[in-house]
Protein chains: 2
Amino acid sequence: MSAGRRTAPQVRASGASTPESAPLPGTGGAAGGAAIPEATVARLPVYLRALTALADAGTTTCSSEELAAAAGVNSAKLRKDLSYLGSYGTRGVGYDVEYLRYQIAREIGVTQDWPVVIVGIGNLGHALANYSGFRSRGFRVVALLDAAEARQGEQVAGLPIRGFDDLEAVVAEHGVAIGVVATPADAAQQVCDRLVAAGVTSILNFAPTVLAVPAGVDVRKVDLSIELQILAFHEQRKAQQALGQIVDGAAAGPAEVEVEAVPVPDAGKAVIA
Amino acid sequence: MSAGRRTAPQVRASGASTPESAPLPGTGGAAGGAAIPEATVARLPVYLRALTALADAGTTTCSSEELAAAAGVNSAKLRKDLSYLGSYGTRGVGYDVEYLRYQIAREIGVTQDWPVVIVGIGNLGHALANYSGFRSRGFRVVALLDAAEARQGEQVAGLPIRGFDDLEAVVAEHGVAIGVVATPADAAQQVCDRLVAAGVTSILNFAPTVLAVPAGVDVRKVDLSIELQILAFHEQRKAQQALGQIVDGAAAGPAEVEVEAVPVPDAGKAVIA
DNA sequence: ATGTGTGAAGGGGTTCACAGCG
DNA sequence: CGCTGTGAACCCCTTCACACAT
């Protein structure tokens, strides 16, 4: 079992946010495994964390139902996701926590540490450099780079801040494949280009800009304002809906609208918009 | 135009990360507009930012092609997305930058400011409090809360740090609907529960935990480690593929494999995994 | 008897390609 | 003629429901 799957030999190297990249013509799935769906890839880290939490709590075995609950998904999705990796469970029993944890870590590629460079040591870069979750989750910050002359040599989280001039050397020395961009928006593209030229092929972008990168380079974007705006959109909808319900109630009479499950948010705070 | 669409009268109040929420039985699309797809909602803020950039650059009109390029999507997707909002373009011409910008801002709900509370003023909370992009993008930080007694009263970004005890008062006073959780993982659920109890119905979670919330509350998660792990997965694939190519080349002879578009990453850094 | 692994059905989202308006 | 707006095809993902292994 677990061998005969590889439905489509398609590869799709960049699944993240490189939408306009070339379609990758030939390149059949020669090496590696069976093309895990991008949506599944995005959830594997969540499962990994849930498994680590279970292991820390002393749990040695769990069902798909339990793990799914811990990861915040439904069990069918979890089982389908895991099925892309292989048959790591035991029917009628469940999954061995430690074994599954290792398998997922191996699949993601975090059984060893990835060296990472952080560029832009402002408030955010500072926070990232100090984030202790890195080490335990497969990453090691090997250098901090910043443009400001004044800050060169300053120690942050046990590392000295170095200038952009050192970028190429750092990437080469440590074999850095992943770069974190935490610069202001107007410097981001420039920094990105330089990282890519130095050999970095994955970038995590915190700057509020769209980064253009050549095919073969993955970019993922983390944008605070965008996340808040998405929440604001839904929040506005809720407020409108609550208002509509009131209007409906008044106009169409007491029609017993079957609202349930949508607790009209405390009217006292729908003051905005 | 723009009126006769509402294909499905379904509402789907929480599109973000509340996967296990009840299916919302009745509740026809009485109030508000025509149910914009979640994927589109997630891109509207990107368009908004691109339009703002264009406006700042003095551009008054743009085609779907230009705007799409600025937003990092393809033009078909952009046009489809905008079509859910209405017909705001002119055929044969394009879009009026300022007009479209306002329409999207209105749709998202950021024509007025949303009051926001940040809970957990560690390294990250500090950075978030100092982030200036808030004000300009529809949000206003009204309070900073932290558990540490020692830090009470300390000024961060012009605001005093207050204790958790003030949470309910702050939410009520400012009509806060959106809360940002930047606490350590083990405090996050507790803080979340308290925010929700106080009336907050949208939460942006930076803590590396899955938050459980009642139906009607939206949670969005920003998780650094997960983003990096997703990049690591693809990075590993690239390395495996590059390796496979080499093996193929050696075993199957010089078959002219048509690699292009996938620049084999500098071999010097494929040292991991 | 229990819970995994998986075909099959169903729903969204993306892309295509062109009708239609300016 | 140019570019928007949109039906339709296509593809991916989620969900269902159950066969099957233990």
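Residues numbered from 1 in each chain as written. Chains lettered and ligands numbered in written order. Predicted model: local features only at pLDDT ≥ 70, side-chain atom pairs only at ≥ 80, totals over all residues. Heavy atoms only, no water.

**Brief notes about the pattern of salt bridges**
Line of reasoning, step 1. Under the counting rule described, the total for this entry stands at 20 salt bridges over all chains.
Line of reasoning, step 2. Of the charged contacts in the structure, one is a salt bridge between R49(B) and D223(A), with a shortest N-O distance of 2.2 Å. Of this pair, R49(B) sits in helix α1 (residues 38-56) while D223(A) is found in the loop between β10 (218-221) and α9 (224-251), placing the two residues in two different chains.
Line of reasoning, step 3. A relative accessible area of 15% places R49(B) in the buried class.
Line of reasoning, step 4. One salt-bridge network, in which partners are shared between bridges, spans D218(A), E235(B) and K238(B). (Salt bridge = Lys/Arg side-chain N within 4 Å of Asp/Glu carboxyl O. Helix = DSSP H or I, 4+ residues; strand = E, 2+ residues; numbered from the N terminus. Buried < 20%, exposed > 50% of the residue type's maximum accessible area, 1.4 Å probe, protein only.)

**A few points about the packing of α1(B) against helix α4 (residues 97-108) of chain B**
Residue and element names in this part refer to chain B.
Line of reasoning, step 1. With their axes 9 Å apart at the nearest point, α1 and α4 run at an angle of 150° to one another. Of the possible angle classes, the one that applies to α1 and α4 is roughly antiparallel. The chirality of how α1 crosses α4 is left-handed. Two secondary-structure elements touch here, α1 through L44, P45, Y47, L48, L51, T52, L54 and A55 and α4 through V97, E98, L100, R101, I104, A105, E107 and I108.
Line of reasoning, step 2. Residues of the contact of α1 with α4, tallied by class, amount to twelve nonpolar, one polar and three charged. (Axes fitted to C-alpha atoms, helices over the stretch in contact; angles between N-to-C directions. Parallel < 35°, antiparallel > 145°, perpendicular 65-115°, else oblique. Left-handed = near helix turned anticlockwise from the far one by under 90°. Contact = heavy atoms within 4.5 Å. Nonpolar A, V, L, I, M, F, W, Y, C, P; charged D, E, K, R; others polar.)

**Concerning the side chain of E227(B)**
Line of reasoning, step 1. Looking at the element boundaries, E227(B) is found in helix α9 (residues 224-251).
Line of reasoning, step 2. If sequence neighbours within four positions are ignored, E227(B) has contacts with L204(A), R220(A) and V222(A).

**Structural notes on helix α7 (residues 167-174) of chain A**
All names here are of chain A.
Line of reasoning, step 1. Residues L167, V170 and V171 constitute the buried set of α7. Buried residues in α7, looked at end-on, bunch into an arc of 95°, giving them a common side. Exposed residues pointing more than 90 degrees away from the buried face of α7 are listed as A172 and E173.
Line of reasoning, step 2. Structurally, α7 contributes buried residues whose contacts are with β4 (114-119), β5 (139-145), β7 (159-162) and α8 (185-198).
Line of reasoning, step 3. In the segment just after α7, G175 is the residue with positive phi, at about 65°. (Arc of directions from axis to C-beta.)

**Notes on the protein's contact with DNA strand C**
Line of reasoning, step 1. DNA strand C sits among 26 residues. The nearest are S64(A), G89(A), Y95(A), R43(B) and N74(B).
Line of reasoning, step 2. In the model, a phosphate oxygen of DNA strand C is placed 2.4 Å from a nitrogen or oxygen of the S64(A) main chain.
Line of reasoning, step 3. The contact in question runs from a phosphate oxygen of DNA strand C to an N or O atom on the side chain of Y95(A), over 2.7 Å.
Line of reasoning, step 4. Among the secondary structure elements, those contributing two or more residues to the surface near DNA strand C are α3 (75-83), β2 (89-90) and β3 (94-96) of chain A together with α1 and α3 (75-83) of chain B.
Line of reasoning, step 5. Looking at the surface near DNA strand C, its residues break down into five nonpolar, eleven polar and ten charged. (Near = heavy atom within 4 Å. Polar contact = N/O pair within 3.5 Å; in protein donor to acceptor, adjacent residues only side chain to side chain.)

**Topic: unusual backbone geometry**
With glycine set apart, most residues show a phi of negative sign, and most peptide bonds adopt trans.
Line of reasoning, step 1. A positive phi angle, close to 55°, is found at A157(A), a residue other than glycine.
Line of reasoning, step 2. Following the sequence through the fold, A157(A) ends up in the loop between β6 (155-156) and β7.
Line of reasoning, step 3. Owing to a relative accessible area of 41%, A157(A) belongs among the partly exposed residues under this scheme.
Line of reasoning, step 4. Unlike most non-glycine residues, A35(B) shows phi in positive territory, near 55°.
Line of reasoning, step 5. Inspection of the secondary structure puts A35(B) in the segment before α1.
Line of reasoning, step 6. Among the residues examined, A35(B) registers a relative accessible area of 32% and is labelled partly exposed.

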